[in-house]
Amino acid sequence: MKYRNYIFDQGNVILDINPQLSLDALAALLPEELDDAVITPADLLGGAVGSLVGEFQVGNISTDSFLDSLLPSMRQGVTRKQLLDAWNALILDVPQQRRDALLRLRASGARTYMLSNTNDAHMERIYEKCFGGSRDNMLVYFDDLFLSNEMHLAKPDPAIFNELIRHTGINPAESVFVDDLQKNLDTASALGFDTLLSTGDFWLGKLM
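Given the structure is predicted, the values throughout are model-derived calculations rather than measurements.

Chemist: Can you help me understand the packing of helix 4 (residues 63-70) against helix 5 (residues 80-88) in this one?
Modeler: When two helices pack together, their arrangement is captured by the angle between the axes and the distance separating the axes. Contact geometry for helix 4 and helix 5: axes closest at 10 Å, N-to-C directions at 100 degrees. Taken as axis vectors, helix 4 and helix 5 run roughly perpendicular relative to one another. Contact with helix 4, carried on its side by T63, D64, F66, L67, D68 and L70, involves R80, L83, L84 and W87 of helix 5 and no other residues of that element. Partitioning the contact of helix 4 with helix 5 into residue classes produces six nonpolar, one polar and three charged.

Structure follows, in structure tokens:
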């Protein structure tokens, strides 16, 4: 066993996502005269600090407040459900080969963790679509979940990594962090983690 602890990002690493599906769905809800996108591709991958999506990502506003802030920009008659479905449209599934790999890691005695920038609406949809509606079903694959919306912190802030270390007691020198964004890996590396830049199944060939 190469590492005692494996920490994974969620979107593009464990969970397949397609942000264009949400961008297209949201664009279809806008008035014809509105040319500027209300939600940008960067927003779907984690909003800037202090932005509407950034505040949603760190749990400072509720799903209801998030939708309330977006609805006035939509065309007349758009419902909250339509807007929520469009926001969540990017979520696809967790391929079986990644599920199996996580189970093999745990069976080998390693600990597996998720460290994800996310939001309440996306997590509720992920539980429903990918894990039978249950957080407990997701915890079959992970020792624990560290989610920005619950921690009120987001990557690449070193504080979210330090909170994971404090809570788990892991030694970064015995751990690898897998993410699809280099800025997040840079923080982890500075804290002593081995790191791997990965999307899709790439990490399977490197870590298994």
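Chemist: Sorry if this is basic, but what is going on with the pairing of strand 1 (residues 5-8) here?
Modeler: Sheet faces and side chains relate simply in a regular strand, where the side chains alternate between the two faces. Burial of the side chains of strand 1 extends over both faces: N5 and I7 are buried on one face and Y6 and F8 on the other. Where strand 1 and strand 2 (residues 111-116) come together, four bridges link them in parallel fashion. The partner of I7 across the bridge, within strand 2, is Y113. As judged from the four bridges shared by strand 1 and strand 4 (residues 175-179), these two strands associate in the parallel manner. Bridged to F8 within strand 4 is V178.

Chemist: Is there a simple way to explain the pattern of salt bridges in this structure?
Modeler: Close approach of charged atoms allows side chains with opposite charge to pair. Tallied over the entire structure, the rule returns 13 salt bridges. As a salt-bridge pair, R98 and D201 come within 2.7 Å of each other at their nearest N and O atoms. With a gap of 103 residues between them, R98 in helix 6 (residues 96-107) and D201 in the loop between strand 5 (194-197) and helix 12 (202-207) connect regions that are remote in the sequence. Take R98: its relative accessible area is 4%, and that puts it in the buried class.

Chemist: Can you walk me through unusual backbone geometry in this structure?
Modeler: In most cases, non-glycine residues show a negative phi, while peptide bonds are predominantly trans. Along the chain, K155 connects to P156 via a cis peptide bond; the corresponding omega equals 10 degrees. Within the secondary structure layout, P156 lies in the loop between helix 9 (148-151) and helix 10 (158-168). In this structure, N12 takes a positive phi of about 75 degrees despite not being glycine. Note on placement: N12 falls in the loop between strand 1 and helix 1 (19-27).

Chemist: Before we go on, may I ask you to explain the sheet that holds strand 4 in this structure?
Modeler: Strand-to-strand pairing in sheets goes through backbone hydrogen bonds, with the strands running parallel or antiparallel. Read across the sheet, five strands follow the order 3-2-1-4-5 without closing on themselves; strand pairing throughout is parallel. The strands lining the two open edges of the sheet, one partner per strand, are strand 3 (144-147) and strand 5. Going across the sheet, the axis of each strand differs from the next one's by a mean of 20 degrees, ignoring polarity.

Basis of the calculations
The residue count restarts for each chain, going from 1 along the sequence in the order it is written. Predicted model: local features are reported for residues with pLDDT of at least 70 only, side-chain atom pairs are reported and counted for 80 or more only, and whole-chain, interface and lining totals are derived from all residues. The side-chain values count all of the structure's non-hydrogen atoms but skip hydrogen atoms and water molecules. An axis is simply a line fitted to the C-alpha atoms; with a helix, the fit covers only the stretch in contact. Between two such axes, the angle follows the N-to-C directions and lies from 0 to 180 degrees. Comment: elements are numbered from the N terminus, with helices defined as DSSP H or I runs of at least four residues and strands as E runs of at least two. Angles below 35 degrees are treated as roughly parallel, those above 145 as roughly antiparallel, those between 65 and 115 as roughly perpendicular, and all remaining angles as oblique. Residues count as neighbours in contact if any of their non-hydrogen atoms are within 4.5 Å of one another. Following the grouping adopted for this structure description, the nonpolar residues are Ala, Val, Leu, Ile, Met, Phe, Trp, Tyr, Cys and Pro, the charged ones are Asp, Glu, Lys and Arg, and the polar ones are all others, Gly among them. A simple rule labels every residue: compare its accessible area, found with a 1.4 Å probe on the protein chains alone, to the largest value its type can have, and call it buried under 20%, exposed over 50%, or partly exposed in between. Pairs of strands are assigned from DSSP output, requiring at least two bridges between the strands. Within this document, salt bridges are pairs made up of a side-chain nitrogen of Lys or Arg and a carboxyl oxygen of Asp or Glu, the two lying within 4 Å of each other.

This is a description of form; function is not addressed.
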